[in-house]
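Inside the fold
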Amino acid sequence: MKSEKSKRSVRDMEVLKDIKGLLSSVPEPKASMDVQLEERSDLSIELAQCKEEIHRLKGLAEEQQRDLGVLKKEKQELVAELDLLRSRSEGGSIERRPEIVSVNKDIDELESTKYE
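Residues numbered from 1 in each chain as written. Predicted model: local features only at pLDDT ≥ 70, side-chain atom pairs only at ≥ 80, totals over all residues. Heavy atoms only, no water.

Turning to the overall build of the chain, a few remarks are in order. Each helix and strand counted, the chain has three helices and zero strands in total. Listing each helix as α and each strand as β along the chain from the N terminus yields α-α-α. Within the chain, the proportion of its 116 residues that are buried is 0%. (Helix = DSSP H or I, 4+ residues; strand = E, 2+ residues; numbered from the N terminus. Buried < 20%, exposed > 50% of the residue type's maximum accessible area, 1.4 Å probe, protein only.)

Written out as C-alpha cells, the structure is:
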C-alpha cells in the first residue's frame, strides 16, 4: 500500500513539474507585447531620422566636392600665372598686367586731384 502511495506521489510530482514547465513557456503577457511594438515604432522613427541625416550629409559632401574642384582649378590657374611671372622676372623684363597699370594710373590721378 505504501508502495502505491509513494508511486502516486512521485507521479503527482512529475505532473507538477510538467505543468510548471508548460507555464514557464507561456508567451509573454500582452503588456510586454505592446512595449515591444512601441520599441519597434521608436526604432522605425529613429531609423527614418538617421536616413534623413545621411541624405543631408551626402548632399553637403557633394557640395564640398564641387567646391573643392573649383578651388583646384583656380589653384592651377594661379600656379600657371605665377610660373609665367617667375619666368618673366628671370629674363629681366617684367611686364605689368594691364589691370595693374590701369589701377596705378587711377591712383595717381586721384592723388593729383586730391591736392588741387
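Turning our eyes to something else, we now look at a nonpolar patch on the surface. On the surface, a cluster of nonpolar side chains totalling about 380 Å² of accessible area is made up of Val15, Leu16, Ile19 and Leu23. Here Leu23 shows up in helix 1 (residues 2-24). (Patch = residues over 30% accessible without salt bridge, like charges linked within 9 Å, V, L, I, M, F, W, Y side chains within 5 Å. Areas by Shrake-Rupley, 256 points an atom, 1.4 Å probe, with all protein chains shown as cover. Salt bridge = Lys/Arg side-chain N within 4 Å of Asp/Glu carboxyl O.)

The subject of this paragraph is the pattern of salt bridges. Overall, the coordinates contain one salt bridge when judged by the stated rule. In this structure, the salt-bridge partner of Glu53 is Arg56, at a minimum N-O distance of 2.7 Å. Residue Glu53 and its partner Arg56 are located together in helix 2 (residues 30-91), separated by three residues, close to a single helical turn. For Glu53, a relative accessible area of 36% translates into the label partly exposed. Judged by its relative accessible area of 44%, Arg56 is partly exposed.

Right, let's get into a negative patch on the surface. On the surface, Asp34, Glu38, Glu39, Asp42 and Glu46 cluster together to form a negatively charged patch. Along the chain, Glu39 turns up in helix 2. Using a relative accessible area of 47% as the deciding quantity, one classes Glu39 as partly exposed. (Lys, Arg positive; Asp, Glu negative; His and termini not counted. Charge placed at Lys NZ, Arg CZ, Asp CG, Glu CD.)

It is worth spelling out the confidence of the model for the chain at this point. Summarising the model, the chain shows a mean pLDDT of 78, and 72% of its residues fall at 70 or more. Mean pLDDT across the elements of the chain ranges from a minimum in helix 1, with 69, to a maximum in helix 2, with 87. (pLDDT = per-residue confidence, 0-100.)

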